[in-house]
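# Results of the structural survey
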Amino acid sequence: MSIGTRATRLASVIALAAALGACGQERGVFSSRQVPLENFGPEEIYQRGEADLQDKDYEDAAELFAEVERLYPYSQWARRALIMQAYSYHLDRDYENSRGAAQRYIQFYPAEEDAAYAQYLLALSYYDQIDEVGRDQGLTFQALQSLRTVIEVYPDSEYARSAILKFDLAFDHLAAKEMEVGRYYLRRDHFTSAISRFRVVVEEFQTTTHTPEALHRLVEAYLSLGLEKEAQTAGAILAYNFRSTEWYEDSYRLLVERGLKAEAQGDSWLRQIYRQTVKGEWL
C-alpha cells in the first residue's frame, strides 16, 4: 500500500478521534498531553498522527510519528511511523528533519517497499529548495545525486518516472545558472569569461533547453573578439541542430552583416563539437 493511500484511509482514525473526544478536550488526550503517550499503544499514537496529518497539522503529526519510533522502536508501527514522519516533515517544509527521517528509514529498512519512497523524499528535500536560479547550486547537485539514486536503484518503482522528470529540470537549472553568469559577463564586455560559461553549457548541458542560446551567445562573444572562425562554427552548429529557433536567426543575421556564413571553420573546440553533431553522437 502506498504512503498516499495509507495517509488517506482514516476510517479507523475517525473512530479513534471520536473516542478520545469523550475526554472533554477538543482534540483529546493527545492534544492536552494530560495522559502520557506511554499509556497508549503504537497503533493508537500512529492513528492520531494520521488524524493530525489529515487536519494539516504536519508538525504535530511528525512529532507523534516520532513518538511511535521512540516508544516502540522494534515494532512494525515504528517502521511505518518513520516513513510517515519523513512525509509529515516534508509537508511542513522542514526539509532537514524530513531528510533525517528518510535517511534513517533507508538505513534501517533498505529492503522494504517504502525504501524507494524514502529515497524519493530525500531527493525532494533538496529539489524543493532549488526553484530560484540565484540560490546556492550545491542543493541542485545534491538533488541530482539523490534523484539519480531513485532512478538507478529503484527503476521499477512508481517514483522513478517522477525522479527522471525532476532530474531533467534540475539539470536544466544548472545550465540556467551558467547562462545567467555568462550573460552577466557578456553585458560587461568580459568576453573570455562569458565564453567559458557558454562553453560549459554546450559541452556539459547540451541536452537542456539552453543550448541554442548558448551557441548564439558564443557567436556574439567570438565576433566581439574578432574570432570569426569560431563564430562561424558556433553558427554552423546552430544551423544543423536548431535552425528553426530565434537564436539561429539572430546568429545568421550577425554573421551575414559581416559577410560570413554559418559553416565550420578552423580547428577549435567548437569544430570538434560540430563533427560530433554531424555524426549524431552528442544529442
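Use the structure listed above.
Residues numbered from 1 in each chain as written. Predicted model: local features only at pLDDT ≥ 70, side-chain atom pairs only at ≥ 80, totals over all residues. Heavy atoms only, no water.

### What to know about the side chain of Thr 245
Keep this limit in mind: Each helix is a run of H or I in the DSSP string that is no shorter than four residues. Each strand is a run of E no shorter than two, and both are numbered from the N terminus. N or O atoms closer than or at 3.5 Å make up a polar contact, with two conditions inside protein: a donor-capable atom paired with an acceptor-capable one, and, for residues adjacent in sequence, both atoms drawn from side chains. Any two residues having at least one pair of non-hydrogen atoms within 4.5 Å are treated as being in contact.
Locating Thr 245 in the fold gives a position in the loop between α13 (228-241) and α14 (246-257). At 3.3 Å, the side chain of Thr 245 and the backbone nitrogen of Tyr 248 are in polar contact. In contact with Thr 245, other than residues within four places in its own chain, are Pro 212 and Leu 238.

### Some words on the nonpolar core
Which entries qualify depends on this criterion: In this text, buried Ala, Val, Leu, Ile, Met, Phe, Trp, Tyr and Cys residues form a nonpolar core when linked through side-chain atoms within 4.5 Å. Only protein chains enter the accessibility calculation, which uses a 1.4 Å probe; a residue is then buried when its area is under 20% of its type maximum, exposed when over 50%, and partly exposed in between.
Among the nonpolar cores identified, the biggest contains 75 residues, and Leu 121, Leu 215, Leu 218 and Leu 270 are the most heavily contacted of them. The greatest single-element share of this core, amounting to 11 residues, is contributed by helix α8 (residues 115-127). Excluding residues within four positions of it along the chain, Leu 121 makes contact with Ile 83, Ala 86, Tyr 87, His 90 and Ala 102.

### Focus: helix α6 (residues 76-91)
One turn of the α-helix equals 3.6 residues, which is why residues spaced by three or four share an orientation. We apply this condition: One less than the residue count of a helix, multiplied by 1.5 Å, gives the span that helix is expected to have.
Along its 16 residues, α6 runs 23 Å from first to last C-alpha, staying within 8% of the 22 Å computed at 1.5 Å per residue. In terms of residue burial, α6 counts as a mostly covered element, since 12 of its 16 residues are buried. Those residues of α6 not exposed but buried are Trp 77, Ala 78, Ala 81, Leu 82, Ile 83, Met 84, Gln 85, Ala 86, Tyr 87, Ser 88, Tyr 89 and His 90. Immediately downstream of α6, the backbone of Arg 93 shows phi near 60 degrees, a positive value.

### Examining the packing of helix α7 (residues 95-108) against α8
Helices that pack against each other are described as a pair by the angle of their axes relative to one another and the distance between those axes. Quick note on the threshold: In this analysis an axis means a line fitted to C-alpha atoms, helices contributing only their contacting stretch, and an angle means the value between N-to-C directions, from 0 to 180 degrees. For this classification, under 35 degrees means roughly parallel, over 145 means roughly antiparallel, 65 to 115 means roughly perpendicular, and everything else is oblique. For any pair of crossing helices, the crossing counts as left-handed if the nearer helix is rotated counterclockwise from the farther one by less than a right angle, and right-handed if it is rotated clockwise.
The geometry of α7 relative to α8 is characterised by a closest axis approach of 8 Å and an angle of 155 degrees between their N-to-C directions. Between α7 and α8, the interaxial angle falls into the category roughly antiparallel. For α7 against α8, the interelement crossing comes out left-handed. Of the residues in α8, those in contact with Tyr 95, Arg 99, Ala 102, Gln 103, Tyr 105 and Ile 106 of α7 are Ala 115, Ala 118, Gln 119, Leu 121, Leu 122, Ser 125 and Tyr 126.

### What about helix α4 (residues 42-54)?
Compared with an ideal rise of 1.5 Å per residue, which puts 13 residues at 18 Å, α4 spans 18 Å between its outermost C-alpha atoms and is within 8% of the ideal. For α4, the tally of buried residues reaches 10 of 13 residues, placing the bulk of the element in the interior. Turning to α4, its buried residues are Pro 42, Ile 45, Tyr 46, Gln 47, Arg 48, Gly 49, Glu 50, Ala 51, Asp 52 and Leu 53. Once α4 finishes, Lys 56 follows within two positions and takes phi at roughly 65 degrees, a positive value.

### Details of unusual backbone geometry
The residue Lys 56 is not glycine, and still its phi comes out positive at about 65 degrees. Looking at the secondary structure, you find Lys 56 in the loop between α4 and α5 (58-71). On the accessibility criterion, Lys 56 (61% relative accessible area) is exposed. Backbone geometry at Arg 93 places phi at a positive 60 degrees, although glycine is not the residue there. Topologically, Arg 93 is positioned in the loop between α6 and α7. In this structure Arg 93 comes out as exposed when scored by relative accessible area, which is 67%.

### A few points about the pattern of salt bridges
The following threshold applies: Every case where a carboxyl oxygen of Asp or Glu lies within 4 Å of a side-chain nitrogen of Lys or Arg is listed as a salt bridge.
Evaluation of the coordinates by the stated rule reveals 13 salt bridges. A salt bridge links Arg 217 to Glu 220, with the shortest nitrogen-to-oxygen separation between them at 3.0 Å. You can see Arg 217 and its partner Glu 220 sitting in helix α12 (residues 211-224), three residues apart, about one turn around the helix. Judged by its relative accessible area of 23%, Glu 220 falls in the partly exposed class. Here Asp 267 ties to Arg 275 by a salt bridge, and the two come within 3.8 Å at their closest N and O atoms.

### A look at the environment of Gly 41
Within the secondary structure, Gly 41 sits in the loop between α3 (28-32) and α4. For the pair Gly 41 and Tyr 72, spaced 31 residues apart in sequence, the C-alpha to C-alpha distance is 8.6 Å.

Nothing here speaks to function; it is all geometry.
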